[in-house]
Amino acid sequence: MLENILVGAATAFTFQNLIYCFFGVFVGTFIGVLPGLGSLAAISMLLPISFYLDPTTALIMLAGIYYGGEYGGSIASILLNIPGTPSAAITCLDGSPMARQGRAGVALFITAIASFVGGSVGVVALMGFGPAIARIGLSFGPGDYFALMLLGLVAAVTVGGGSVVKGLLMVVLGLLLGTVGTDVTSGEFRYTFGYLELRDGVSLVALAMGIFGIAEVISSIKDAGQRKIREKVTMRSMLPTRADMARTVGPMARGSSIGGFLGALPGAGTVIAAFLAYATEFRLARDKSRFGNGAVEGVAAPEAANNAAAQTAFIPTLTIGIPGSPTMSIMLGALMIHGITPGPLLVSEHPTIFWGLIVSFWIGNLFLLVLNIPLIGIWVRVLQFPYKYVYPVVIALICIGVFSMRNSVFDVGLAVIFGTFGYLMQQVGYSAAPLILGFVLGPMLEENLRRAMLLARGDATRLISDPLTGSILAMSLLLLVWAVFGGLLNLMRTRARAKLPPGEA
Amino acid sequence: MQTITLRFAISAMLAAIGVAGLVIALDYDFGTARQMGPGYFPVILSILLTLLAVSEMIGAFLKPEAQTIDWRPMIAILAAVLGFGICMRFFGMIPAFFAVIGLSVLSEKGYGFVPAAVLATVTCAFAWLLFSRLLGMPLPLIRWDF
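Residues numbered from 1 in each chain as written. Chains lettered and ligands numbered in written order. Predicted model: local features only at pLDDT ≥ 70, side-chain atom pairs only at ≥ 80, totals over all residues. Heavy atoms only, no water.

Attention now moves to the overall build of chain B. Helix and strand content of chain B: 5 helices and 0 strands. Along chain B, helices (α) and strands (β) appear in the sequence α-α-α-α-α when read from the amino end. Here chain B has a C-alpha radius of gyration of 23 Å; the compact-globule value for 146 residues is 15 Å, and the former is much larger. Dimensions along the principal axes, computed over C-alpha positions, put chain B at roughly 55 × 50 × 25 Å. Burial analysis of chain B (146 residues in total) assigns 45% to the buried set. (Helix = DSSP H or I, 4+ residues; strand = E, 2+ residues; numbered from the N terminus. Rg over C-alpha atoms; globule rule 2.2 N^0.38 Å. Buried < 20%, exposed > 50% of the residue type's maximum accessible area, 1.4 Å probe, protein only.)

Next comes the structure, spelled out in structure tokens:
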């Protein structure tokens, strides 16, 4: 273990990697602070730049944007009562009342500390379990992969709350979009309509930018005018009382464990982690009336959870090659562009990437601690900057990002189409995350199903009777049945109370 | 009573995509369960999509709820992206950036010409430095290519 960490440190502590790590977490916090823009859009925007970097450096930067966004998202939640990222929505519940009581500084301080603790626990979990899970992954057959991906998709639909039918619709639409292009096995073109550009499939960046980036900018313009921050955040105001500190230790520990566990499951993700951590604290609390009125536990637990989940989300992505969230699927795409296939062999064949990335997480979390406590003033000022000057630039950057990916005007056109549908669908309560997940997993799902069925000689019962494949498939079915028949009613009711936006899972 | 809500329209559109996908996929070789052809997966998915969309259509029909769409920002932003694509194809990078910023600021009333022009200039210069200078992408600033 120590040896591996040293290998990682040697990679992460080069000047170039340190610079890009800082750049990543800085951009991530920036994007996280701005409501209406998530880390997914930022990562897609910077994806073209990453082609020019060494794969490890590229990954360090992109990952930094991702977990940096988790830190930044809560700043807007506390100061504006608008979540900067979906996973910070739950932080509004107690963060915003704290700000109204003049304790915004304390809330921000506790958020930063909880985020750091959560992130650290997540990294430790990644170090401890990652290689072990990769070893298990080595024995997986195509049937097991198929079943695992199916479980991930079902989990993304059911655990996220909201309408199951709508979620399934998005998954299936995503899977169908994933079949566009050249069929790997037969070489036949599917749904290309004679367009050369479609033979390589629909551009992931055009899809993600259209359905997340463009759609979210459109819906964020309307309410942009009413943002005001009254509180002044000084270093002195950030210092918590001794009672605050004592109250946050338990929630931080519980939040980190919940988040670390959920993040590693495909399809669960940071939003659910934050929500469940909050629900747990609420259930454990003796005096429930404090919640919603500025309880520090209500800020510490979800923030620890979503940051722990953001780190452990790398476990399935890197060690099995199955991304659990749309952002992770873009990360997976970035690796594959560099010719590296994530999966059980990544840890043993590319130790510098795996361990370098892990050590960079430590460094990144330290950078974030500095960015979020002594330099908090920057982000308060970013929030005060009028949004009307921000969104035109964001749209322009989205355009150039989509275009430069393949130097293609066609992709810009696709982004317009996806943006239209994305916005309209968002208005009726569809969430884009299952669609992207389906789109990315689709080709892998199909290939593994074909291989598994070939091995099973076309007999589906053989596939089901395999102990591992069968039990994972049964879990997916159970989850689906549970979701359809109202087992989640309670969860959804509480979610509705929290006014959680449908979004990045 | 408004019967055709946005929710209904969207589910109808998804159903249409499902049917169209099925019709097209029937042309591809279906194969067998043992050796699936390129048509196997798309056919199954299209059928699933259609069934789900129809059940959602019924749901939307039985319980119509009015939805609001912010037409102005939607049209402005989509036109901006489209304008960027068209200008990039025919006129080059500088016109494309002025098009995308110029059109997207139409989302709000009374944005003002000066801030829009300043934003366009700054963003274009930044993008040119990053993509063209630093990364060496072939992005002509101005061209006339039909």
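Here we come to the packing of aromatic side chains. Residue and element names in this part refer to chain A. A complete count under the given rule lists 21 aromatic pairs over all chains for this structure. Relative to phenylalanine 314, the ring of tyrosine 66 lies with its centre 6.1 Å away and its plane at 70 degrees, an arrangement referred to as edge-to-face. Residue tyrosine 66 is located in helix α4 (residues 55–80), and its partner phenylalanine 314 is located in helix α14 (residues 314–320); the two are separated by 248 residues in the primary sequence. A ring pair is formed by phenylalanine 282 and phenylalanine 291, whose centres lie 5.6 Å apart and whose planes are at 85 degrees; its orientation type is edge-to-face. For phenylalanine 291, a relative accessible area of 9% translates into the label buried. Here the aromatic residues Phe22, Phe26, Phe367 and Trp379 are joined through ring pairs into a cluster of three or more. Lying across the ring of phenylalanine 282, lysine 288 places its NZ or CZ 5.6 Å from the centre. (Phe/Tyr/Trp six-rings, centres within 6.5 Å; stacked < 30°, edge-to-face > 60°. Lys NZ or Arg CZ within 6 Å of the ring centre and 35° of its normal.)

Under the criterion given, the structure shown has 0 disulfides over all chains. Free of any disulfide, Cys399(A) has its nearest cysteine sulfur in Cys87(B), 11 Å distant. Relative accessible area serves as the criterion here: at 14%, Cys87(B) is assigned to the buried category. (Disulfide = S-S within 2.5 Å.)

Turning our eyes to something else, we now look at helix α12 (residues 269–284) of chain A. With 16 residues, α12(A) ought to run about 22 Å at 1.5 Å a step, and its terminal C-alpha atoms sit 23 Å apart, in line with that. For α12(A), every residue scored as buried is listed here: Gly269(A), Thr270(A), Val271(A), Ile272(A), Ala273(A), Ala274(A), Phe275(A), Ala277(A), Tyr278(A), Ala279(A) and Glu281(A). (Expected span 1.5 Å × (residues − 1).)

The next thing to look at is the side chain of Asp94(A). All names here are of chain A. Along the polypeptide, aspartate 94 turns up in helix α5 (residues 91–100). Here aspartate 94 is buried and forms no salt bridge, its nearest opposite-charge partner arginine 290 lying at an N-O distance of 7.7 Å. Engagement of the side chain of aspartate 94 in a polar contact is seen with the backbone nitrogen of alanine 295, the distance being 2.9 Å. In this view, aspartate 94 contacts Tyr278, Arg290, Phe291, Gly292, Asn293, Gly294, Ala295, Gly298 and Val299; residues no more than four positions away in its chain are not counted. (Lys, Arg positive; Asp, Glu negative; His and termini not counted. Salt bridge = Lys/Arg side-chain N within 4 Å of Asp/Glu carboxyl O. Polar contact = N/O pair within 3.5 Å; in protein donor to acceptor, adjacent residues only side chain to side chain. Contact = heavy atoms within 4.5 Å.)

With that settled, consider the environment of Pro73(B). Turning to its location among the elements, Pro73(B) is positioned in helix α3 (residues 71–90). Measuring from C-alpha to C-alpha, the distance between Pro73(B) and Gly39(B) comes to 40 Å, with 34 residues separating the pair along the chain.

This part takes up the packing of helix α9 (residues 204–221) of chain A against helix α21 (residues 432–455) of chain A. All names here are of chain A. Running from N to C, α9 and α21 cross one another at 175 degrees; their axes reach a closest spacing of 10 Å. On the basis of the axis angle, α9 is roughly antiparallel to α21. Across the interface between the two elements, Leu204, Leu207, Ala208, Ile211 and Phe212 of α9 pack against Ala432, Ala433, Leu435, Ile436, Phe439 and Val440 of α21. (Axes fitted to C-alpha atoms, helices over the stretch in contact; angles between N-to-C directions. Parallel < 35°, antiparallel > 145°, perpendicular 65-115°, else oblique.)

Across the contact, 61 residues belong to chain B and 59 residues belong to chain A. For the pair chain B and chain A, the summed buried area comes to about 5,600 Å², and 79% of that belongs to carbon and sulfur atoms. Notably, a salt bridge pairs Lys166(A) with Glu56(B), separated by 3.7 Å at the nearest N-O pair. For the interface between chain B and chain A, the tally reads 8 residue pairs in polar contact (both at pLDDT 80 or more). Looking at the side of chain B that touches chain A, the elements with two or more residues in it are α1 (6–25), α2 (40–62), α3, α4 (93–104) and α5 (113–134) of chain B. Partitioning the side of chain B that touches chain A into residue classes produces 42 nonpolar, 12 polar and 7 charged. (Buried area = accessible area lost by both parts, 1.4 Å probe. Nonpolar A, V, L, I, M, F, W, Y, C, P; charged D, E, K, R; others polar.)

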